[in-house]
Structures are given as C-alpha cells and as structure tokens.
Amino acid sequence: MPRFVAPKTLYILNEDGDPWQATMVCPCGCGAVLEMNLVPDEKAVWRARVEKDGTGTLHPSVWRQVGCRSHFFIRNGKIRWCD
C-alpha cells in the first residue's frame, strides 16, 4: 500500500509482476481509501487494466455498502457514476 494515496489516482499493486490489489481514494470526496482485491482465487474480485494511454480501467463496478454508498465504474481513467 502506498504511504500516501493521492486523490484521482488508481494504484495497481503488484507482487512479482502479478497484480493483487487496486487502491484509490473514493471519488465522492468522503476521503475513504478503497481497496479492491485483484487475486482471482478470492472473493470479491475485480480486474484491473492499464490502457495504452496509461489510464486505468477497473471491472466490475465499485459499490460501497457502508459510508458514502458510492457506486461507480472506472473506465479509461474516468469515473462513471451509477444511478
């Protein structure tokens, strides 16, 4: 985990070249640090990809069940809010 998690940045943490966690500050402004599992053998699991332009994509959506209850996708570095 990075010491400082900057807003508007999706961090993809790797170990030996294998991604294991995506980390970011919640884009709603609440300040919560979100951690999404990228290890396929565990639940829940997301898939992260770095696009050719260097932006990130995360699938499926992030849906916070506590706190701010934000629900969004990250596509090509952009937040796509769900209704």
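Positions within a chain are numbered from 1, following the residues in the order the chain's sequence is written. This being a predicted model, a pLDDT of at least 70 is required before a residue's local features are given, and a value of 80 or more before pairs of side-chain atoms are given or counted; all residues contribute to the totals for chains, interfaces and linings. Note that the side-chain values use all heavy atoms of the structure and ignore hydrogens as well as water.

1. Description of the overall build of the protein chain
Put simply, the rule reads: Only DSSP runs of H or I covering at least 4 residues are called helices, and only runs of E covering at least 2 are called strands; the numbering of each starts at the N terminus. Both definitions apply: the radius of gyration is a C-alpha atom measure, and the globule rule equals 2.2 Å times residues to the power 0.38. Per-residue accessibility takes into account occlusion by the displayed protein chains alone, with areas from the Shrake-Rupley method and a 1.4 Å probe. Note that His is not counted, nor are the chain ends; the positive residues are Lys and Arg, and the negative ones are Asp and Glu. Each charge is placed at NZ for Lys, CZ for Arg, CG for Asp and CD for Glu.
Per the secondary structure count, the protein chain includes zero helices and seven strands. For 83 residues, the compact-globule estimate of 2.2 N^0.38 gives 12 Å, and the C-alpha radius of gyration of the protein chain, at 12 Å, lies within 12% of that figure. The dimensions of the protein chain, computed from C-alpha atoms along their principal axes, are 35 × 30 × 25 Å. Accessible area for the protein chain stands at about 5800 Å²; split by element, carbon and sulfur atoms hold 51% of it. In the protein chain, which carries 11 positive and 9 negative side-chain charges, the distance between the mean positions of the two groups comes to 10 Å.

2. Considerations on the nonpolar core
Across soluble globular proteins, nonpolar side chains show a tendency to be buried alongside one another. Counted only if it meets this: Throughout, nonpolar core names a set of buried Ala, Val, Leu, Ile, Met, Phe, Trp, Tyr and Cys residues whose side chains join them through atoms within 4.5 Å. Here the term buried applies to any residue with accessible area under 20% of the maximum for its type, exposed to any over 50%, and partly exposed to those in between, with areas from a 1.4 Å probe on protein chains only. In what follows, residue pairs with any heavy atoms lying within 4.5 Å of each other are defined as contacts.
Residues A22, M24, C26, L34, M36, L38, W46, L58, V62, F72 and I74 constitute the largest nonpolar core, which totals 11 residues. Excluding anything up to four places from it in sequence, F72 contacts M24, P27, L34, S61, V62, I79, R80, W81 and C82.

3. Concerning the layout of surface pockets
Leftover empty space is mapped by rolling, across the atoms, a probe with the size of a water molecule. Formally: With a 1 Å grid laid over protein atoms only, a set of points is called a cavity when a 1.4 Å probe fits there but cannot get out and a pocket when it is open yet has protein on both sides within 12 Å along at least five of seven lines; lining residues have an atom within 4 Å of a point. Grid points are joined across faces, edges and corners, and a volume is the space filled by probe spheres set on the points. Residues are sorted three ways: Asp, Glu, Lys and Arg are charged, Ala, Val, Leu, Ile, Met, Phe, Trp, Tyr, Cys and Pro are nonpolar, and all the rest, Gly among them, are polar.
If you add up the space inside the largest pocket, you get close to 380 Å³. Around the largest pocket sit 17 residues that line it, and K8, T9, L10, G77 and I79 are the ones nearest its centre. Elements with a minimum of two residues in the lining of the largest pocket: β2 (18-25) and β7 (78-81). Its residues assigned to classes, the lining of the largest pocket shows 10 nonpolar, five polar and two charged.

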